[in-house]
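Analysis of the macromolecular model
Now for the letters of each chain:
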Amino acid sequence: TKVLLTGGSGFIAAHILEQLIAKGHSVITTVRSEDKAAPIRAAYPDQTSSGDLRIEIVPDIAQPDAFDEVVKIPGIEVVLHTASPFHFKFKDPQKELIDPAVIGTTSILKAITLHAPTVRRVVITSSFAAIIDESKLTDPSTVFSETSWNPVTQADIHSSPATAYRASKKLAERAAWDFISSEKPNFDLVTINPPMVFGPVAHHLSNGLQGINTSNERLVSLIQGGWRDGVPSTGQAFLWVDVRDVATAHVRAGLELPGAGGKRLFTTAGEFSNAWMVDIVRRNFPELKEKLPGPEVKGGELPDKRPRFDNKKTVEVLGIEWIPFETSVVDTVRSLLAHGA
Ligand code: NDP
């Protein structure tokens, strides 16, 4: 199958690309610059020379015509749109988060509708950020599921960096479903809605640990000694999933499960806490002892009052058995150490 994967330089996309190539699919991936293309080409020399992997430069996904040319490559059947900013280092949330998230999404859907009649399915990487409701975070009677929608609006984007990121994902996903219902294109849509994603970093993404993706930053901090004097709060969104499972979800939903069309897939393996993470690293990496908080250092426990979640429908659709937290943490730490942590 011929697949277009946007944001090929990303943490999650690298695993999607690896799985697609392992299954023998033909992949076109977009990146922002030649700098980002070179390590991907170097990681897949055979596929690059056979033409089974093609890397296209799309410099700015916030341009309404960003994807007009790339979707014209003949024969694309499936589009996996992962490119979207995930960081909290912005000054202007509208320009740096909302525009690339929302315009990136609508521009690719429009471009496919106009120029790529062979596309039958589009999978968009949304997020638990589009599901969560910040006003319910201490409410044990709330159950987040595939049908939950974050009530955040455009008017909230200046309240905090986390809220701005969540708004970017909610508004982008909402725009995608609205596009499907108003335009009735020839393709259908699936969204993948993962919470915090942990997991090993593809080797070719290494440029030291400076460029580490946002969700793995806490593990870098832990193994570099940042938590010795206190384990930070787990945060408001204490659900997680392994990156390899997120990649599997994209590949299955895009290429292997016709019945997934029209669904939101809430890909989570369940709850985690920073305290639990510390315990796993302590037991599995005795050589890191000096860097880790001692057993007397408290913090990072799950709060007693917290919402619940239900993703039974997603598990049924995907037929997936989630990678356990301990395996994910151990594999992530090994990969970070290999990248120089
Ligand atoms: P990364 O930061 O590693 O990947 C983000 C990708 O999007 C990169 O390829 C990046 O390109 C590209 N991108 C970001 N901003 C722009 C822009 N303005 N124009 C063009 N491309 C851009 O993060 P992840 O792999 O974690 O994120 C991938 C997707 O998964 C995103 O949609 C994110 O919202 C979503 N997600 C991630 C979660 C997580 O915990 N990691 C949880 C839930 C959802 P470049 O490499 O050039 O920066």
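Under an unreviewed UniProt entry, the name given to the protein chain is NAD-dependent epimerase/dehydratase domain-containing protein, and the organism recorded is Echria macrotheca.

1. A few points about the packing of helix α4 (residues 93–115) against helix α5 (residues 161–183)
Close contact between α4 and α5 brings their axes to 9 Å; oriented N to C, the two are set at 20°. It follows that α4 is roughly parallel to α5 by the angle criterion. Crossing angle aside, the handedness with which α4 passes α5 is right-handed. Taken together, the residues of α5 that come into contact with α4 (itself represented by P93, L97, I98, A101, V102, T105, T106, L109 and T113) are A164, Y165, A167, S168, K169, L171, A172, A175, A176, F179 and E183.

2. Here's the deal with the site of the ligand
As a matter of local geometry, the ligand sits amid 25 residues, with G7, G10, S84, P100 and S215 nearest to it. Looking at the shell around the ligand, the elements that each hand over two or more residues are α1 (11–22) and β8 (196–198). Per-element accounting of the shell around the ligand gives the leading share, three residues, to α1. Residues that form the shell around the ligand fall into these classes: 12 nonpolar, nine polar and four charged.

3. Observations concerning the environment of P194
Mapped onto the fold, P194 is located in the loop between β7 (188–192) and β8. Separated by 65 residues in sequence, P194 and A129 have C-alpha atoms that sit 8.3 Å apart. Among all residues touching P194, those that are not within four sequence positions of it are S127, F128, V241, V246, T267 and T268.

Rules used in this analysis
Residues numbered from 1 in each chain as written. Predicted model: local features only at pLDDT ≥ 70, side-chain atom pairs only at ≥ 80, totals over all residues. Axes fitted to C-alpha atoms, helices over the stretch in contact; angles between N-to-C directions. Helix = DSSP H or I, 4+ residues; strand = E, 2+ residues; numbered from the N terminus. Parallel < 35°, antiparallel > 145°, perpendicular 65-115°, else oblique. Left-handed = near helix turned anticlockwise from the far one by under 90°. Contact = placed C-beta atoms within 7 Å. Near = placed C-beta within 6 Å. Nonpolar A, V, L, I, M, F, W, Y, C, P; charged D, E, K, R; others polar.

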